[in-house]
Amino acid sequence: MEHSEVTASHEFKRFVSEREKEKASKGILLMAVVLAVTLLAYFFSAYPIISVLIGIAVEIYVFLRFCLPRILVLKDTSYEGTVETIKKKTVSGGKGVDAGDVPSRFRVRMKIRGTDGKGHSYTFYNDEADNVKNYFSPGDKVFHHKGIKCPEKTDKDEDAQIICLCCTRLVNKREDTCPICEMPLVK
């Protein structure tokens, strides 16, 4: 790896780490606010038990929505591997009475075999699916960063565009950041 690639990779990891810490702190702050409101409602409400039950339900929602995804990221690991298959499929909108109202969508499943022999799979829908299908090919060497949605190619010399690892948009290789999500691009 060249020095510029190492520097860009470190900047990217630092940016992602700061972004994850910011999201986690917002979740914890929101949980603290809900707890404070629940306690106030308990002491000043005509129906304290109902207030507590509603507060507990909101706390559980906040935990599941904001905190649990950050905890699950801790189990993710970085790895190198090779793209084995990429399959695109049209998924029907749904079944039932209102199935005609729900449009069909595209789904791409990409399977990667890590250098350690473990299999990893990714699923992308609609625009993300098209971008992934157009960017990756079976046999491409890839690297997955811990906590990131999409792997990156290790050899991007021939590509005019590179994929943003967070929002999976295809971006001109000359850009430094993604114009959509403003994440730094790993070149």
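Here, every reference points to the structure presented above.
Quick summary incoming for the structure in this document.

Cut-offs used in this document
Residues numbered from 1 in each chain as written. Predicted model: local features only at pLDDT ≥ 70, side-chain atom pairs only at ≥ 80, totals over all residues. Heavy atoms only, no water. Helix = DSSP H or I, 4+ residues; strand = E, 2+ residues; numbered from the N terminus. Buried < 20%, exposed > 50% of the residue type's maximum accessible area, 1.4 Å probe, protein only. Contact = heavy atoms within 4.5 Å. Areas by Shrake-Rupley, 256 points an atom, 1.4 Å probe, with all protein chains shown as cover. Core = buried A, V, L, I, M, F, W, Y, C linked by side-chain atoms within 4.5 Å. Pairing = 2+ DSSP bridges. Phe/Tyr/Trp six-rings, centres within 6.5 Å; stacked < 30°, edge-to-face > 60°. Lys NZ or Arg CZ within 6 Å of the ring centre and 35° of its normal. Disulfide = S-S within 2.5 Å.

**Quick notes on the overall build of the protein chain**
Then comes step 1: Per the secondary structure count, the protein chain includes 3 helices and 7 strands.
Then comes step 2: For the protein chain, buried positions account for 29% of its 187 residues.
Then comes step 3: Sequence separation of 24 or more characterises 47% of the internal contacts of the protein chain that already satisfy a separation of 6 or more.
Then comes step 4: For the protein chain, the exposed area adds up to about 12300 Å²; of that, 58% sits on carbon and sulfur atoms.

**Some details on the nonpolar core**
In summary, soluble globular proteins display a tendency toward joint burial of nonpolar side chains.
Then comes step 1: V83, M110, I112, F124, V132, F136 and I163 are the most contacted members of the largest nonpolar core, which totals 25 residues.
Then comes step 2: Those elements that provide at least two residues to this core are strand 1 (79–91), strand 2 (105–114), strand 3 (119–125), helix 3 (126–135) and strand 6 (161–163).
Then comes step 3: Contact partners of M110, with chain neighbours within four places excluded, come to V83, T85, I86, H120, S121, Y122, F124, V132, F136 and P151.

**Quick look at unusual backbone geometry**
Working note: non-glycine residues mostly have negative phi, and peptide bonds are mostly trans.
Then comes step 1: Phi is positive for T168, close to 60°, though the residue is something other than glycine.
Then comes step 2: You can call T168 buried: its relative accessible area is 0%.
Then comes step 3: Non-glycine residue E182 carries a positive phi angle of around 65°.
Then comes step 4: Here E182 shows up in the segment after strand 7 (170–172).

**Quick word on the pairing of strand 1**
Then comes step 1: In the sheet, strand 1 pairs with strand 4 (residues 141–144) via 4 bridges, with the strands oriented antiparallel. When the sheet's bridge partners are listed, E80 is paired in strand 4 with F143.
Then comes step 2: Bridge count for strand 1 against strand 2 is 10 bridges, and the pairing is antiparallel. Pairing of K89 across the sheet is with R107, part of strand 2.

**Here we look at the packing of aromatic side chains**
Then comes step 1: Considering all chains together, one arrives at 2 aromatic pairs under this definition.
Then comes step 2: Considering the side-chain rings of Y135 and F136, the 5.0 Å spacing of their centres and the 85° angle between planes classify their relative orientation as edge-to-face.
Then comes step 3: What makes Y135 buried here is its relative accessible area of 6%.
Then comes step 4: The ring of F106 carries K88 above its face, with NZ or CZ at 4.4 Å from the centroid.
Then comes step 5: Just above the ring of Y135 sits the side chain of K153; from NZ or CZ to the centre is 4.4 Å.

**Some details on the environment of F66**
Then comes step 1: Summarising the element assignment, F66 is placed in helix 2 (residues 48–75).
Then comes step 2: For the pair F66 and K26, spaced 40 residues apart in sequence, the C-alpha to C-alpha distance is 8.0 Å.
Then comes step 3: Excluding residues within four positions of it along the chain, F66 makes contact with G27 and L30.

**Quick look at the environment of C167**
Then comes step 1: Turning to its location among the elements, C167 is positioned in the loop between strand 6 and strand 7.
Then comes step 2: Between the alpha carbons of C167 and C150 there is a distance of 8.2 Å; along the sequence they are 17 residues apart.
Then comes step 3: Look past the residues within four positions of C167 in its chain and what remains in contact with it is E128, C178, I180 and C181.

**What about the sheet that holds strand 1?**
Then comes step 1: Read from one edge to the other, the open sheet built from 5 strands follows the order 3-2-1-4-5, with strand pairing classed as antiparallel. On the outer flanks of this sheet lie strand 3 and strand 5 (152–153), each paired with one strand and no other.

**A word on the state of the cysteines**
Then comes step 1: The final tally for this structure, using the stated rule, is 0 disulfides.
Then comes step 2: Not part of a disulfide, C164 finds its nearest cysteine sulfur in C181, a span of 3.5 Å.
Then comes step 3: The exposure class assigned to C164 is buried, which follows from its relative accessible area of 1%.

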